Amino acid sequence: RHPEGSRHTETLGVGKAIAVLTSGGDAQGKGTPTPQISRIPNPRDPKIPGIQNPVLGMTLGGILGSRRDFRTREGRLRAARNLAKRGITNLCVIGGDGSLTGADTFRAEWGGLLAELLKTGGITAEEAQRSSYLNIVGMVGSIDNDFCGTDMTIGTDSALHRIMEIVDAITTTAQSHQRTFVLEVMGRHCGYLALITALACGADWVFIPESPPKDDWEEHLCRRLAETRDGGSRLNIIIVAEGAIDNGDGGTRGNNPFSPLVVKRLGYDTRVTILGHVQRGGTPSAFDRILASRMGVEAVMALLEGTPDTPACVVSLSGNQAVRLPLMECVQVTKDVTTAMNEGRFEDAVKLRGRSFQNNWNVYKLLAHIRPPATKSGYTVAVMNVGAPAAGMNAAVRATVRIGLIHGHRMLAVHDGFEGLAFGMVEEIGWNAVGSWTGLGGSKLGTKRTLPKKYFEEISANISKFGIHALIIIGGFEAFMGGMELVEGRARFEELCIPMCIVPATVSNNVPGSDFSIGADTALNTITTTCDLIKQSAAGTKRRVFIIETMGGFCGYLATMAGLAAGADAAYIFEEPFSSRDLQANVDHLTEKMKTTVKRGLVLRNERCNENYTTDFIYNLYSEEGKGVFDCRKNVLGHMQQGGSPTPFDRNFGTKMGAKAVAWITGKIKECSRHGRIFANTADSACLLGMRKRSLVFQPIAELRQQTDFEHRIPKEQWWLRLRPILKILAKYNTELDTSETAHLEHLTRKVLVPEAPL
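Residues numbered from 1 in each chain as written. Predicted model: local features only at pLDDT ≥ 70, side-chain atom pairs only at ≥ 80, totals over all residues. Heavy atoms only, no water.

### Here we look at the overall build of the protein chain
- Broken down by element type, the protein chain carries 25 helices and 27 strands.
- Each of the 759 residues in the protein chain was classed as buried or not, and the buried ones make up 60%. (Helix = DSSP H or I, 4+ residues; strand = E, 2+ residues; numbered from the N terminus. Buried < 20%, exposed > 50% of the residue type's maximum accessible area, 1.4 Å probe, protein only.)

This is how it looks when you write it as structure tokens:
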């Protein structure tokens, strides 16, 4: 008997056969779901053939070419025979819309193909009965993120990593020579890569297929570039999607019109860089590895739950939730986008791309095409960082300042957190002051962990002195705690009765009310990359186990997710208590692993998972128990996890969170304004902005108290704990898999018709 809503991996999928194939253009992470798919039904004896050279493999019987064979009925007939002969009734297809459309056609014809094979003697009656139906589940692997129905396709985040590495490198040389750079990225029919790159690097302009430039775009572009230079910037960046339309010119590839325009009208030294296939290369990012792992698990569950009447579905990502959508609905909406663009209905095309694309596009337009109004709002908004530094904080501050100025507010920068506010370290900050902050790590404002309670009098005096009408606090658990103290202080100090918004930013990802915090993705990639290098060092020595200590305080997010991304054998965390027997079982498991072809081990330990089982203790235990079988090394990664340039995810996330916070705070100021005076003392006037499942939501800080474990500085419920069984399954442990929250089939048409929430 197993707990309700969970199933044991030894019995899960018994008697089922699943084939998995990848097809279409290559994308980082497309190979990641394969081990998930193969190990979940039965980790000891997976009855899962991989199909080499996807479609040709099915048609010729090499159960993994050319897709052309599969486009003919004769080719599909051979594929059906090969699957039926092996008793395969479940097919997982990882590819783009072309691959998934072909798979759906194959499923629709399945009954007829079997009947023809039975008639001609290609299969026996028993084989036909055993394979009477075919279930298909798709996962989208494409760097372009051009498939409707999912916020992110497998490979997109990794492509953005490659792009931003190049953009950051180009930025330094562009500044040195005061140049304008035109960078062309992939995206023949979809501008997602170009759009996110523009947001992540603070580009002056972006050209995408979904929104071709207006008739007078040349004048607007040159004016924008000149404004940037006049503001003190030493460079200009223009991002172009390869399929961007230039007034019906048919695109930019091979004939870029932007460089000659800039040289002719402005006389700026201009260079063009076409990134090309470097965007498809390199190792997958941590996000893509985890996304592909989660989607792989969901795909297996969808196949195991499938019946002859279940429509083919695609596993997608909506916010932070895995969802299942009818495959052909997604394909049709994707085609509708192309139709809308071909017919000149570009606003419809943007809407059909989904809410995530619309949000990004709206934020970009605010930051790139709108300037602060001449008429001011009369309100003053202060922004500050609190807690430990986290990559992406500066991107959030930049967006906060610039969107605030666009709303007509006077913006103040508070240095060194609550101490700075108490000691008057406050200054007005303008548009150009934050121009290059997006890609900078750390905190340009300075940040401290000090809480405000002991400085209430000084803080209240300075709020009055500087005329602060609202406060945006970007930081970690201390920012959350500080916000709570300020709310409690309203009863004694009227100056604290102003709207407040907390934006979570910490590598630990331990702020209640949000699934993600700014900075956690950068730290996760740092750990994952380091683990990759460490594992590579063991490739020559063999029989070596590495013990790695990660940050996070009592929160095991980094250890768990890095373990999932890096392929760890175990990850010890505070939230999941362990004993000496568990440690011994892990040692025994690694001893058996050393008998296989993979003669290395990786064990992660959260820094505060157990006060007695320290990193040194675990290292000594593994060294002693593994004597003669493997040797051990230990690494404490330390503060390198807080450093470095922010990842594309953190830059974009910080930018959107900053923009959303200012829009909310502006509304609250107006709501709480009476006769030119601000008075905010209701619970909903002090909120935390967090990512909850599928959307960004504002939650009163006071209401989050009940959801918080203050002793250990973590939320009482954490979504990522449900992913821990995947880590164990991939390490080939037999364990329980919680299936109580598997996705249910939804309809995409309802999703795309939902009105866009205002920023």
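### Here we look at the pairing of strand 24 (residues 695-700)
- For strand 23 (residues 686-692) and strand 24, the ladder comprises six bridges, and the chain directions are antiparallel. Bridge pairing in strand 24 links M691 to L696.
- Connecting the antiparallel pair strand 23 and strand 24 is a turn made up of two residues, with K693 showing a positive phi of about 55°. (Pairing = 2+ DSSP bridges.)

### Focus on the nonpolar core
- In terms of nonpolar packing, the biggest core is built from 154 residues, with F207, I238, I239, Y364, I472, I474 and Y557 touching the most fellow members.
- Here this core gets 13 residues from one element, more than from any other, and that element is helix 11 (residues 286-304).
- Not counting chain neighbours up to four residues away, the residues in contact with I238 comprise T180, F181, V182, L183, W205, F207, L221, L225 and V262. (Core = buried A, V, L, I, M, F, W, Y, C linked by side-chain atoms within 4.5 Å. Contact = heavy atoms within 4.5 Å.)

### Observations regarding the packing of aromatic side chains
- A full pass over the atoms with the stated rule returns 21 aromatic pairs.
- Judged by centre distance (6.2 Å) and plane angle (35°), the rings of W205 and F207 are tilted. For the pair W205 and F207, one class covers both residues: buried.
- An angle of 75° between the planes, with centres 5.4 Å apart, marks the rings of F423 and Y455 as edge-to-face. (Phe/Tyr/Trp six-rings, centres within 6.5 Å; stacked < 30°, edge-to-face > 60°.)

### What about the side chain of T380?
- Position of T380 relative to the elements: it lies in strand 11 (residues 380-386).
- Exposure remark for T380: the relative accessible area of 5% places this residue in the buried category.
- In this structure, T380 is in contact with R410, L412, F466, G467, I468, H469 and A470, ignoring residues within four places of it in sequence.

### Some points on the sheet that holds strand 18 (residues 570-572)
- Spatial ordering of the open sheet is given by 18-19-17-20, a layout of four strands whose pairing is parallel. Looking at strand neighbours, the two that pair on one side only are strand 18 and strand 20 (631-636), the edges of this open sheet. Going from strand to strand, the sheet's axes swing by 20° on average, the running direction of each strand aside.
- Relative to strand 19 (residues 600-606), strand 17 (residues 544-550) runs parallel, the two sharing seven bridges. Across the sheet, the residue bridging to E549 is R605, located in strand 19.
- Contacting strand 17, strand 18 and strand 19, helix 20 (residues 557-566) runs over the sheet at an angle of about 160° to strand 19. (Axes fitted to C-alpha atoms, helices over the stretch in contact; angles between N-to-C directions.)

### Topic: the sheet that holds strand 6 (residues 205-207)
- Spatially, the four strands line up as an open sheet ordered 6-7-5-8, and their pairing is parallel. Looking at the sheet topology across the chains shown, the edges are occupied by strand 6 and strand 8 (270-274). Shown here is a sheet whose adjacent strand axes are inclined to one another by a mean of 15°, direction ignored.
- In terms of strand pairing, strand 6 meets strand 7 (residues 236-241) through three bridges, oriented parallel. Bridge pairing in strand 7 places V206 opposite I239.
- Taken strand by strand, helix 8 (residues 192-201) contacts strand 5 (180-185), strand 6 and strand 7, and its axis lies near 165° from that of strand 7.

### Looking at the environment of V662
- With respect to the helices, strands and loops of the structure, V662 is situated in helix 23 (residues 648-671).
- Sequence separation between V662 and H409 is 253 residues, and the spatial gap between their C-alpha atoms is 9.9 Å.
- Contact partners of V662, with chain neighbours within four places excluded, come to T400, I403, G404, H407 and I472.

### Section: the confidence of the model for the protein chain
- Predicted confidence across the protein chain gives a mean pLDDT of 88, with 89% of residues reaching 70 or more.
- In the model, residues 247-252 has pLDDT below 50 throughout and makes 14 contacts with residues more than four positions away in sequence or in other chains.
- In this model residues 750-759 is a low-confidence stretch, pLDDT under 50, and it forms 21 contacts with partners more than four residues away in sequence or in other chains. (pLDDT = per-residue confidence, 0-100.)

### Comments concerning unusual backbone geometry
- Phi is positive for D416, close to 60°, though the residue is something other than glycine.
- Tracing the backbone through its elements, the reader meets D416 in the loop between strand 12 (410-414) and helix 16 (417-422).
- Even without glycine at this site, R543 takes up a positive phi of about 45°.
- In this structure, R543 sits in the loop between helix 19 (520-541) and strand 17.

### Structural notes on the environment of T530
- Relative to the helices and strands, T530 resides in helix 19.
- The spacing of T530 and A566 is 36 residues in sequence and 9.2 Å in space, taken between C-alpha atoms.
- Not counting chain neighbours up to four residues away, the residues in contact with T530 comprise L637 and M640.

### A short note on helix 19
- In a regular helix each residue adds 1.5 Å, so 22 residues correspond to 32 Å; helix 19 covers 32 Å between its end C-alpha atoms and thus fits that length.
- Following helix 19 by one or two positions, K542 adopts a phi angle in the positive range, close to 65°. (Expected span 1.5 Å × (residues − 1).)

### Here's the deal with the pattern of salt bridges
- One pass over the structure, following the stated rule, counts 36 salt bridges.
- The partner of E127 in a salt bridge is K85, with the nearest N and O atoms 3.2 Å apart. A residue pair is termed long-range when its members are at least 10 positions apart, and E127 in helix 6 (residues 125-130) and K85 in helix 3 (residues 73-85) qualify at 42 residues.
- According to the relative accessible area criterion, K85 is partly exposed, its value standing at 33%.
- R289 is the salt-bridge partner of D532, the closest N and O atoms lying 2.6 Å from each other. You can see D532 sitting in helix 19 and its partner R289 sitting in helix 11, a full 243 residues away along the chain.
- D532 gets classed as partly exposed once you look at its relative accessible area, which sits at 24%.
- A single network of salt bridges, built from pairs that share partners, joins R73, R76, E109 and E116. (Salt bridge = Lys/Arg side-chain N within 4 Å of Asp/Glu carboxyl O.)

### Focus on the packing of helix 9 (residues 217-230) against helix 10 (residues 258-266)
- Two elements in contact, helix 9 and helix 10, have axes whose closest approach is 11 Å; the angle formed by their N-to-C orientations is 65°. Classed by the angle they form, the pair helix 9 and helix 10 counts as roughly perpendicular. Crossing hand, helix 9 versus helix 10: right-handed. For the pair helix 9 and helix 10, the contacting residues are W217, E218, E219, L221, C222 and L225 in the first and F258, L261, V262, R265 and L266 in the second. (Parallel < 35°, antiparallel > 145°, perpendicular 65-115°, else oblique. Left-handed = near helix turned anticlockwise from the far one by under 90°.)

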